[in-house]
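Structure at a glance
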Amino acid sequence: MLINTRQCYGTVAIALHWLMAMLLIGLIALGLYMTSLPDVGFDKEKLGLIVLHKECGILALALAMVRLAWRVGNVLPELVGDLPDWQKVAARFVHLCFYGLMFALPISGWLMSSAASIPVFFFGVRLPDLIAHNDYQFQMLVDVHEWLGYVLIGLIVLHAGAALKHHFISRDSTLKNMWPRATR
Ligand code: HEM
Ligand code: HEM
């Protein structure tokens, strides 16, 4: 089934969930690695990785738009029945924060590049600058982008931990409902 039902996520939502999970975790790892490289002479490896990070980051933004449209246009599967109210609210709140971060991270990255007057490319097409050159805003946006990244890491740990707890301790269908059907 391509679309969601009240009981289960559909194939499109599942594919977008796992594709984006891999992409976002990859972008965090790449972001942390490339910024840890020394600046001396601004070596080619560091520059190449930053270009790759920016290109994949814009891909994440494009996928986030598709995902949000799909999410709004589909029914939302219910959470497993016997959860206390605070866990239902916490789970939905974390999902909402993920949607916010899926937009805030790439947009802050794009704003950061614009403030530094460094162009952003997507599949060879130069994207427009979002703001004019401004060194103070650049420094601020570097910090914002970094802290949003840390918030995303924290929420992923919480969210994945909760999913694994449901699967291995509560032994309910939470993780199965988000798992690719063919491998269930
Ligand atoms: C969902 C998408 C994205 C995620 C999860 C992400 C994550 C990260 C992380 C974790 C870092 C390391 C932060 C640090 O330690 O300083 C980073 C750095 C960076 N990101 Fe992203 N990023 C995303 C999208 C983008 C986009 C779209 C751009 C630009 C178009 C971008 C440009 C940069 C740049 C230039 C740095 C290096 C900043 C510095 O010099 O400290 N990112 N990103
Ligand atoms: C970057 C990493 C991740 C992000 C951004 C993310 C985001 C989301 C979002 C927004 C939802 C709500 C459904 C939707 O709108 O698609 C969701 C559901 C879910 N995610 Fe993740 N996820 C990530 C990683 C993971 C991982 C690593 C696991 C498992 C270990 C996982 C397991 C689940 C499960 C089981 C659900 C269904 C929850 C329910 O309906 O009760 N996710 N995820």
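Residues numbered from 1 in each chain as written. Chains lettered and ligands numbered in written order. Predicted model: local features only at pLDDT ≥ 70, side-chain atom pairs only at ≥ 80, totals over all residues. Heavy atoms only, no water.

1. What about the coordination of the iron atom of ligand 1?
With distances of 2.0 Å, the protein atoms coordinating the iron atom of ligand 1 are His53 (NE2) and His145 (NE2). Bound by 6 donor atoms, the iron atom of ligand 1 shows angles of 86 to 179 degrees at the metal and therefore octahedral coordination geometry. Of this pair, His53 sits in helix α2 (residues 44-72) while His145 is found in helix α4 (residues 135-170), placing the two residues 92 residues apart along the sequence. With respect to class, His53 is no different from His145; both count as buried. (Donors = N, O, S within 2.8 Å, 3.2 Å for Na, K, Ca; no water. Tetrahedral: all angles 85-135°; square planar, octahedral: opposite > 155°, others 65-115°. Helix = DSSP H or I, 4+ residues; strand = E, 2+ residues; numbered from the N terminus. Buried < 20%, exposed > 50% of the residue type's maximum accessible area, 1.4 Å probe, protein only.)

2. Re the packing of aromatic side chains
All told, the structure shown has 3 aromatic pairs when counted by the stated rule. Here the aromatic rings of Trp18 and Trp179 are separated by 5.3 Å at their centres, their planes lie at 80 degrees, and the arrangement is edge-to-face. In this pair, Trp18 sits in helix α1 (residues 11-36) while Trp179 sits in the segment after α5 (174-177), placing the two residues 161 residues apart along the sequence. A relative accessible area of 28% means that Trp18 is categorised as partly exposed. Residue classification places Trp179 among the partly exposed residues on the basis of a relative accessible area of 36%. (Phe/Tyr/Trp six-rings, centres within 6.5 Å; stacked < 30°, edge-to-face > 60°.)

3. Considering the site of ligand 2
Surrounding ligand 2, one finds 18 residues, the nearest of these being Tyr9, His17, Arg67, Tyr99 and His159. At 2.9 Å from an oxygen atom of ligand 2 is found a side-chain nitrogen or oxygen belonging to Tyr9. Between ligand 2 and Tyr99 there is a distance of 2.5 Å, counted from an oxygen atom to a side-chain nitrogen or oxygen. Each residue belonging to the shell around ligand 2 can be placed in one class, and the counts come to 12 nonpolar, 4 polar and 2 charged. (Near = heavy atom within 4 Å. Polar contact = N/O pair within 3.5 Å; in protein donor to acceptor, adjacent residues only side chain to side chain. Nonpolar A, V, L, I, M, F, W, Y, C, P; charged D, E, K, R; others polar.)

4. Focus on the side chain of Asn4
With respect to the helices and strands, the residue Asn4 is situated in the segment before α1. Ignoring any residue separated from it by four or fewer positions in sequence, one finds Asn4 in contact with Tyr9, Gly10, Ala13, Asn74, Val75 and Pro77. (Contact = heavy atoms within 4.5 Å.)

5. Focus: α2
Here α2 is 29 residues long and its end C-alpha atoms lie 42 Å apart, about the 42 Å a rise of 1.5 Å per residue gives. Burial in α2 covers these residues: Lys46, Leu49, His53, Lys54, Gly57, Ile58, Ala60, Leu61, Leu63, Ala64 and Arg67. (Expected span 1.5 Å × (residues − 1).)

6. Thoughts on the site of ligand 1
Taken together, 21 residues sit near ligand 1, with Leu24, Thr35, His53, Lys54 and His145 positioned nearest. One of the side-chain N or O atoms of Thr35 is found 3.4 Å from an oxygen atom in ligand 1. Interatomic distance of 2.8 Å between a side-chain N/O atom of His53 and a nitrogen atom of ligand 1. Counting residues per element, the ones that place at least two in the shell around ligand 1 are α1, α2, α3 (85-115) and α4.

7. Let's talk about α3
Over its 31 residues, α3 extends 44 Å from the first C-alpha to the last, a length consistent with the 45 Å expected when each residue adds 1.5 Å. Just downstream of α3 lies Ser117, where phi reads positive at about 60 degrees.

8. Some points on the coordination of the iron atom of ligand 2
Bound to the iron atom of ligand 2 on the protein side are His17 (NE2) and His159 (NE2), at distances that span 2.0 Å. Of the residues examined, His17 reaches a relative accessible area of 13% and is grouped as buried.

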